[in-house]
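Observations on the model geometry
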Amino acid sequence: MSFDPNSTNNPYSASTQPAAPKKSNVLMYVLLGIGAVVVLGCCGCGGLMYFGGDAAMKAAMGAMGE
């Protein structure tokens, strides 16, 4: 009788493959959160510069016109 290690009738072989440990997505969520804060911060600063600069320019032009 020959021994086949790949045989399904082998009493020493594992019946099922062990499940791979589930990877944690915490790092991905932290990086996405930091990226969202950076994008919102850039949009907020850009909006303040656009609208605030526009208002300051109108105020300066109004003061020069008087």
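1. Comments concerning the overall build of the protein
Broken down by element type, the protein carries 1 helix and 0 strands. Residue burial in the protein is summarised as follows: out of 66 residues, 2% are buried. About 6,400 Å² of surface is accessible on the protein, with carbon and sulfur atoms providing 69% of the total.

2. What about the packing of aromatic side chains?
Scanning the model with the defined rule gives 1 aromatic pair in all. Arranged with centres 4.9 Å apart and planes meeting at 80°, the rings of Tyr50 and Phe51 form a pair that is edge-to-face. With respect to class, Tyr50 is no different from Phe51; both count as exposed.

3. Looking at the pattern of salt bridges
According to the stated counting rule, one finds 1 salt bridge in the structure shown. Here Lys58 makes a salt bridge to Asp54, at a shortest N to O gap of 3.7 Å. One end of the pair is Lys58 and the other is Asp54, both in helix H1 (residues 26–65) and 4 residues apart, which spans about a single turn. Its relative accessible area of 58% is what places Lys58 among the exposed residues.

4. Remarks on a nonpolar patch on the surface
A cluster of nonpolar side chains, namely Val26, Leu27, Val30, Leu31, Ile34 and Val38, defines an oily patch on the protein surface of about 570 Å² accessible area. Its place among the elements puts Val30 in helix H1. For Val30, a relative accessible area of 43% translates into the label partly exposed.

What counts and what doesn't
- Residues numbered from 1 in each chain as written.
- Predicted model: local features only at pLDDT ≥ 70, side-chain atom pairs only at ≥ 80, totals over all residues.
- Heavy atoms only, no water.
- Helix = DSSP H or I, 4+ residues; strand = E, 2+ residues; numbered from the N terminus.
- Buried < 20%, exposed > 50% of the residue type's maximum accessible area, 1.4 Å probe, protein only.
- Areas by Shrake-Rupley, 256 points an atom, 1.4 Å probe, with all protein chains shown as cover.
- Phe/Tyr/Trp six-rings, centres within 6.5 Å; stacked < 30°, edge-to-face > 60°.
- Salt bridge = Lys/Arg side-chain N within 4 Å of Asp/Glu carboxyl O.
- Patch = residues over 30% accessible without salt bridge, like charges linked within 9 Å, V, L, I, M, F, W, Y side chains within 5 Å.

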